[in-house]
Amino acid sequence: MLTLISRRMMLVIPNLIGVVIITFLLTRALPGDPAAYFAGPAADKQAIEQIRVKLGLDKPLIVQFGRYVADLGHLNLGNSLTTGQPVLTEIKNRLPASAELTLFGLILSMSIAVPLGILAAVKQGSWIDHTCRVVATAGVSLPVFFTGLLLVYVFYFLLGWSPAPLGRLDVFFSPPPQITGFYLVDSLLNRDLSTFRAALSQLLLPGLTLCIFSLAPITRMTRASMLAVLASDFVRTASASGLDSRTVILTYAFRNAMLPVVTTLGMVFSFLLGANVLVEKVFAWPGIGSYAVEALIASDFAPVQGFVLAMAILYVLLNLIIDVLYGIIDPRVRLET
Amino acid sequence: MTDISLSPHGAAAAKAQSNSIFRHARYVVAENPVTGAAFGLFILIALCALIGPYVVPYDPLASDTSATLASPSFKHWFGTDQLGRDIFSRVIVATRLDFTIAISSVMLVFAMGGFAGIAAGFFGGWTDRIVGRISDTIMAFPLFVLAMGIVAALGNTVTNIVLATAIVNFPLYVRVARAEANVRRDAGFVQAARLSGNGDFRILLMHILPNIMPIMMVQISLTMGYAILNAAGLSFIGLGVRPPTPEWGIMVAEGAGNIISGEWWIALFPGAALMIAVFCFNLLGDGLRDLVDPQRRT
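Residues numbered from 1 in each chain as written. Chains lettered and ligands numbered in written order. Predicted model: local features only at pLDDT ≥ 70, side-chain atom pairs only at ≥ 80, totals over all residues. Heavy atoms only, no water.

*Asks:* I'm lost on the overall build of chain A in this one. Help?
*Replies:* The number of helices and strands found in chain A is 14 helices and 0 strands. Moving toward the C terminus, one meets the helices and strands of chain A in the order α-α-α-α-α-α-α-α-α-α-α-α-α-α. Expressed as lengths along the three principal axes of its C-alpha atoms, the size of chain A is roughly 85 × 55 × 40 Å. Among the 337 residues that make up chain A, the fraction classed as buried is 45%. For chain A, the proportion of contacts with a sequence separation of at least 24, taken over those separated by at least 6, is 73%. A total accessible area of about 16800 Å² is found for chain A, and carbon and sulfur atoms account for 67% of it. Computing the positive centroid from 23 side-chain charges and the negative centroid from 19, chain A places the two 6 Å apart. (Helix = DSSP H or I, 4+ residues; strand = E, 2+ residues; numbered from the N terminus. Buried < 20%, exposed > 50% of the residue type's maximum accessible area, 1.4 Å probe, protein only. Contact = heavy atoms within 4.5 Å. Areas by Shrake-Rupley, 256 points an atom, 1.4 Å probe, with all protein chains shown as cover. Lys, Arg positive; Asp, Glu negative; His and termini not counted. Charge placed at Lys NZ, Arg CZ, Asp CG, Glu CD.)

*Asks:* For this particular structure, what's the right way to read the overall build of chain B?
*Replies:* Each helix and strand in chain B was counted, giving 11 helices and 0 strands. The order of helices and strands in chain B, counted from the N terminus, is α-α-α-α-α-α-α-α-α-α-α. Considering only intrachain contacts with a sequence separation of at least 6, the fraction spanning at least 24 residues in chain B is 73%. Working note: accessible area of chain B is about 13200 Å², and carbon and sulfur atoms make up 67% of it.

*Asks:* Please explain empty space enclosed by the protein as it appears in this structure.
*Replies:* Gaps between atoms show up when a probe of the same size as a water molecule is rolled over them. Residue and element names in this part refer to chain A. Within the structure shown, the criterion is met by 1 cavity of 30 Å³ or more. The calculated volume of the largest cavity comes to roughly 50 Å³. Along the walls of the largest cavity sit S162, P163, A164, P165, L166, G167, S201, Q202, L205, P206 and F283, which together make up its complete lining. Considered class by class, the residues forming the lining of the largest cavity number 7 nonpolar, 4 polar and no charged. (1 Å grid on protein atoms, 1.4 Å probe; cavity = no way out; pocket = protein on both sides within 12 Å on 5 of 7 lines; lining within 4 Å. Points joined across faces, edges and corners; volume = space filled by probe spheres on them. Nonpolar A, V, L, I, M, F, W, Y, C, P; charged D, E, K, R; others polar.)

*Asks:* Honestly, helix α7 (residues 158-184) of chain B in this entry has me stumped. Any pointers?
*Replies:* Its 27 residues give α7 of chain B an end-to-end C-alpha distance of 38 Å, which sits within 8% of 39 Å, the value for a rise of 1.5 Å per residue. Along α7 of chain B, the helix axis deviates most sharply at N169 of chain B, where the bend reaches about 45 degrees; the proline P171 of chain B sits within four residues downstream. (Expected span 1.5 Å × (residues − 1). Bend = angle between axes of the 7 residues up to and from the residue.)

*Asks:* Is there a simple way to think about the environment of I21 of chain A in this case?
*Replies:* Residue and element names in this part refer to chain A. Assignment of secondary structure puts I21 in helix α1 (residues 2-27). You can call I21 partly exposed: its relative accessible area is 35%. In this structure the C-alpha to C-alpha distance between I21 and S232, which are 211 residues apart in sequence, comes to 45 Å.

*Asks:* Which parts of the structure should I look at to understand the nonpolar core?
*Replies:* Note on soluble globular proteins: their nonpolar side chains tend to be buried together. Among the nonpolar cores identified, the biggest contains 159 residues, and F145 and F307 of chain A together with M148, I208, L234 and I237 of chain B are the most heavily contacted of them. Those residues in contact with F145 of chain A that lie beyond four places of it in its chain are L278 and V282 of chain A together with A232, G233, F236, G249, V252 and L274 of chain B. (Core = buried A, V, L, I, M, F, W, Y, C linked by side-chain atoms within 4.5 Å.)

*Asks:* How should I be thinking about the interface of chain B and chain A in this particular structure?
*Replies:* Accessible area lost on assembly of the parts is the figure often given for the size of an interface. The partner chain A presents 47 residues to the 44 residues of chain B that form the contact. At the boundary of chain B with chain A, the tally comes to 0 salt bridges. Sorting the residues of the side of chain B that touches chain A by element identifies α5 (125-139), α6 (143-154), α9 (200-236), α10 (248-259) and α11 (265-292) of chain B as the ones contributing at least two each. For the side of chain B that touches chain A, the element with the most residues is α11 of chain B, which contributes 11 residues. Grouping the constituent residues of the side of chain B that touches chain A by class yields 32 nonpolar, 9 polar and 3 charged. (Salt bridge = Lys/Arg side-chain N within 4 Å of Asp/Glu carboxyl O.)

*Asks:* Help me understand the packing of aromatic side chains in this model?
*Replies:* In this description, an aromatic ring pair is defined by two values, namely the gap between the centres and the angle between the planes. For the structure on display, the rule yields 12 aromatic pairs over all chains. Between the aromatic rings of F42 of chain B and F281 of chain B, the centroid separation amounts to 5.7 Å while the plane-to-plane angle is 75 degrees, which identifies the pairing as edge-to-face. Highlighted residues: F42 of chain B in helix α3 (residues 33-55) and F281 of chain B in helix α11, separated in sequence by 239 residues. With centroids separated by 5.3 Å and ring planes inclined at 75 degrees, the aromatic side chains of F122 of chain B and F123 of chain B adopt a geometry described as edge-to-face. Its relative accessible area of 5% is what places F122 of chain B among the buried residues. Of the aromatic side chains, those joined through ring pairs into one cluster are F39, F42, F99 and F281 of chain B. Above the plane of the ring of F236 of chain B lies K281 of chain A, whose end atom (NZ or CZ) is 5.6 Å from the centre. The ring centre of W126 of chain B lies 4.7 Å from the NZ or CZ of R129 of chain B, which sits over that ring. (Phe/Tyr/Trp six-rings, centres within 6.5 Å; stacked < 30°, edge-to-face > 60°. Lys NZ or Arg CZ within 6 Å of the ring centre and 35° of its normal.)

*Asks:* How should I be thinking about the pattern of salt bridges in this particular structure?
*Replies:* Residue and element names in this part refer to chain B. This model, assessed by the stated rule, comprises 7 salt bridges over all chains. Here E180 makes a salt bridge to R184, at a shortest N to O gap of 2.9 Å. Taken together, the residues span about one helical turn, with E180 and R184 both in helix α7 at a distance of 4 residues. Taking relative accessible area as the criterion, E180 reaches 14% and is therefore assigned buried. Across the pair D200 and R194 runs a salt bridge whose closest N-O atoms are separated by 3.7 Å. Its relative accessible area of 35% is what places D200 among the partly exposed residues. Here the salt bridges do not stand alone but share partners, grouping R85, R90 and E254 into one network.

*Asks:* Which parts of the structure should I look at to understand a nonpolar patch on the surface?
*Replies:* The grouping of F39, I43, L47, L50, I51, Y54 and V55 of chain B at the surface amounts to a nonpolar patch, some 740 Å² of accessible area in total. Tracing the backbone shows F39 of chain B in helix α3. (Patch = residues over 30% accessible without salt bridge, like charges linked within 9 Å, V, L, I, M, F, W, Y side chains within 5 Å.)

*Asks:* Quick question: what am I supposed to make of the packing of helix α11 (residues 245-282) of chain A against helix α13 (residues 301-329) of chain A here?
*Replies:* Pairs of packed helices are described in terms of their axes, by the angle between the two and the distance that separates them. Residues and elements named next belong to chain A. Close contact between α11 and α13 brings their axes to 9 Å; oriented N to C, the two are set at 165 degrees. It follows from the interaxial angle that α11 and α13 lie roughly antiparallel. Our pair here, α11 against α13, has a crossing hand that is right-handed. Contacts between α11 and α13 involve L259, V262, T263, L265, G266, M267, F269, S270, L273 and V277 from the former and F307, M311, L314, Y315, L318, N319, I322, L325, Y326 and I329 from the latter. A breakdown of the residues in the contact of α11 with α13 according to their chemical character gives 16 nonpolar, 4 polar and no charged. (Axes fitted to C-alpha atoms, helices over the stretch in contact; angles between N-to-C directions. Parallel < 35°, antiparallel > 145°, perpendicular 65-115°, else oblique. Left-handed = near helix turned anticlockwise from the far one by under 90°.)

*Asks:* Even after reading the chapter, I still don't get the state of the cysteines, so can you show me in this structure?
*Replies:* A disulfide bridge is the covalent bond that connects two cysteines by way of their sulfur atoms. All names here are of chain B. Evaluation of the coordinates by the stated rule reveals 0 disulfides over all chains. Cysteine C280 remains unbridged, with the sulfur of C48 as its closest cysteine sulfur at 11 Å. Judged by relative accessible area, which is 0%, C280 ranks as buried. (Disulfide = S-S within 2.5 Å.)

*Asks:* Help me understand α1 of chain A in this model?
*Replies:* Each turn of an α-helix holds 3.6 residues, which means side chains three or four residues apart point in the same direction. Taking 1.5 Å of rise per residue, the 26 residues of α1 of chain A would be expected to cover 38 Å, and the 38 Å separating its terminal C-alpha atoms lies within 8% of that figure. Along α1 of chain A, the residues classified as buried are L4, R8, V12, G18, V19, V20, T23, F24, L26 and T27 of chain A.

*Asks:* In this structure, what is going on with the packing of helix α7 (residues 144-158) of chain A against α10 of chain B? I would like to understand it.
*Replies:* The interhelical angle for the contact between α7 of chain A and α10 of chain B, taken along N-to-C directions, is 20 degrees, at an axis separation of 11 Å. The angle between α7 of chain A and α10 of chain B places the two elements in the roughly parallel class. The crossing of α7 of chain A and α10 of chain B is left-handed. The segment α7 of chain A lies against α10 of chain B, with F145, L149, V152, Y153 and F157 of chain A engaging G249, V252, A256 and I259 of chain B. Residues belonging to the contact of α7 of chain A with α10 of chain B are distributed by class as follows: 8 nonpolar, 1 polar and no charged.

Rendered as structure tokens:
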């Protein structure tokens, strides 16, 4: 197991190097003069020149890259132009909000998509199967920001069931003392049920939006891999040996079918992290996505760059975790290494 | 499909082949009427893009202070927005811009990714390693986030939205083109072409490319939907298209604030148009895939 992890870690390194190079290139080597950009529209030639020297932009590209990597090594992502705050602290403060939302959406989606996919595969050609196909195609076609707005209209404006889509917690509540940064977990740890309920009611709609969005790939994959497993020899043997269909499906087929599903989670996360930005904007969610969007609109580049870098590193790490998880679920992967 | 014109068959053989393709197409459509419906929808969307701006009842940019926030009626089918602009006209006119963005980015990535992928699959070795590393690096980012970063860095224009959408789709095209070219690199027709004195690049472009065209077409129509979503998502967060230009993503963003006060039509209609367009392309892509490669049906 340890060899598997360490070997997989080695593969992360070139990926991270690529990520750092790209985020560097995004600021420096591309058209437009970053010095003029950082100096602002009112700056004259001399001021731009000063900033160029200050930022080290007069040096060769490779030296600039070295400086950039050294800054990263000191965990320095620069300061935001609009707030003056270091980008790293801001991202660290806002990350739990985004993580809570994404994980909640993913868990919700898994708990619907996996049973649906299994049912569709077991009862192939039935109405469940057709529903599953429609849900899968409709799910990928729905723009995530549009789903969010529809849910707000129906559940906030028409039915009045959910609170106004403004952030993580109603203004009447104060956030629970920070332990994990996840409001749901923190409020439970403090045995504060009313805060828990308030946080949950705020989280429900954005979580549901992300859930609808990620339903499609997980359902599709579960159905496809379940179909493949159900057609295999060992499932036939199991049912021929007289095991009841429940045991065959849940213990024999399901465990094997989950492997490809775990692998698709990597792709699902890629979509989810992107969709997160849009959902955060719709629900005024104080996560890193809305931080980046605010900075984008203000043409404040350092937070955007920090955001892209943070997301990429997070995504690389998530893929690492998924691969390790794969090794835990499937002993064959461990034996091969 | 494309290889008919290039293959040295006689006219009769070519006709027989095209007949059988036609029959196969009819069979697939009959099997799955949804594909036929999606094709009809596609024609409708293309018509909107082509002649939409000339037939809409109102000027999409003209505001009318006497009719702001009017709900859908006979006069304004989809209602009007905060400035009294007719939403029906805006939705129809926006088709052209959204369509252009999606098509140009898909064409761009087809040219870049398709060529890089074929070269990687055909030559192998260093070409393969470099192309593979580039697409791995792109895949290391969550795609929408990378697109945001690219547009933010390159500048906030429609051209850069096209470019960013193309770049994030690059790995998908590379993967398909590489796999297909790799299978064919030692095929009989490639060896024959080489023996008759064709150079590598000529073989790539004239012999391998036409053969993987059908699979690439499927890829194009499958990623069209994603390209539209990506572009609309970027303009939703305020990148690329500037108001007052009619574009679906930005129109949804303009109507977002009115949702909580109950004016649903401002965001609903452009959002629905976006959804229908993407749905249509996804169905079309699935149908095309069944036509070209029946084994990959899910």
